[in-house]
Amino acid sequence: MVPHCHKSLIFSLSFLRDVAFNRIIGVKKKVNPEGTHFMIPWFETPIIYDIRVCPHMIEGTSGSHDL
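Residues numbered from 1 in each chain as written. Predicted model: local features only at pLDDT ≥ 70, side-chain atom pairs only at ≥ 80, totals over all residues. Heavy atoms only, no water.

- As named in an unreviewed UniProt entry, the protein is Prohibitin, taken from Coffea canephora.
- If you open the UniProt record of the protein and go to Sequence similarities (unreviewed entry), you find "Belongs to the prohibitin family." (UniProt positions renumbered as here; feature names shortened; annotations may be inferred.)

### Notes on the environment of leucine 13
Line of reasoning, step 1. Here leucine 13 is to be found in the loop between β1 (9-12) and β2 (16-22).
Line of reasoning, step 2. Spatially, the C-alpha atoms of leucine 13 and threonine 36 are 8.9 Å apart, while their sequence positions differ by 23 residues. (Helix = DSSP H or I, 4+ residues; strand = E, 2+ residues; numbered from the N terminus.)

### Section: the sheet that holds strand β5 (residues 44-50)
Line of reasoning, step 1. An order of β3-β2-β5 is seen for the 3 strands of this open sheet, with the pairing classed as antiparallel. Both edges of this open sheet fall to β3 (26-32) and β5, since each of them pairs with a single strand only. The sheet shows a mean angle of 30° between the axes of neighbouring strands, taken without regard to direction.
Line of reasoning, step 2. Pairing of β2 with β5, which is carried by 7 bridges, proceeds in the antiparallel orientation. (Pairing = 2+ DSSP bridges. Axes fitted to C-alpha atoms, helices over the stretch in contact; angles between N-to-C directions.)

### With respect to the side chain of asparagine 32
Line of reasoning, step 1. Relative to the assigned elements, asparagine 32 resides in strand β3.
Line of reasoning, step 2. Judged by its relative accessible area of 8%, asparagine 32 is buried. (Buried < 20%, exposed > 50% of the residue type's maximum accessible area, 1.4 Å probe, protein only.)

### Topic: the pairing of β1
Line of reasoning, step 1. What you see with β1 is a clean split: Ile10 and Ser12 sit on the buried side and Leu9 and Phe11 on the side with no burial.
Line of reasoning, step 2. As judged from the 4 bridges shared by β1 and strand β4 (residues 35-38), these two strands associate in the antiparallel manner. Within the sheet, the bridge partner assigned to leucine 9 lies in β4 and is phenylalanine 38.

Written out as structure tokens, the structure reads:
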């Protein structure tokens, strides 16, 4: 078994997306969807984003309440 192979697998859940940061190239343009992805430890680092939709309450003032 290869040492530290557990650090090379990235698991993305259905509500998360990740982009790989490469120490030479920089941020890669490919967005990884959900699933298991392989990255080289120390050389590549995942940047993980939460893409869930969150409700927001916006209050505004208007002349009447029926608008």
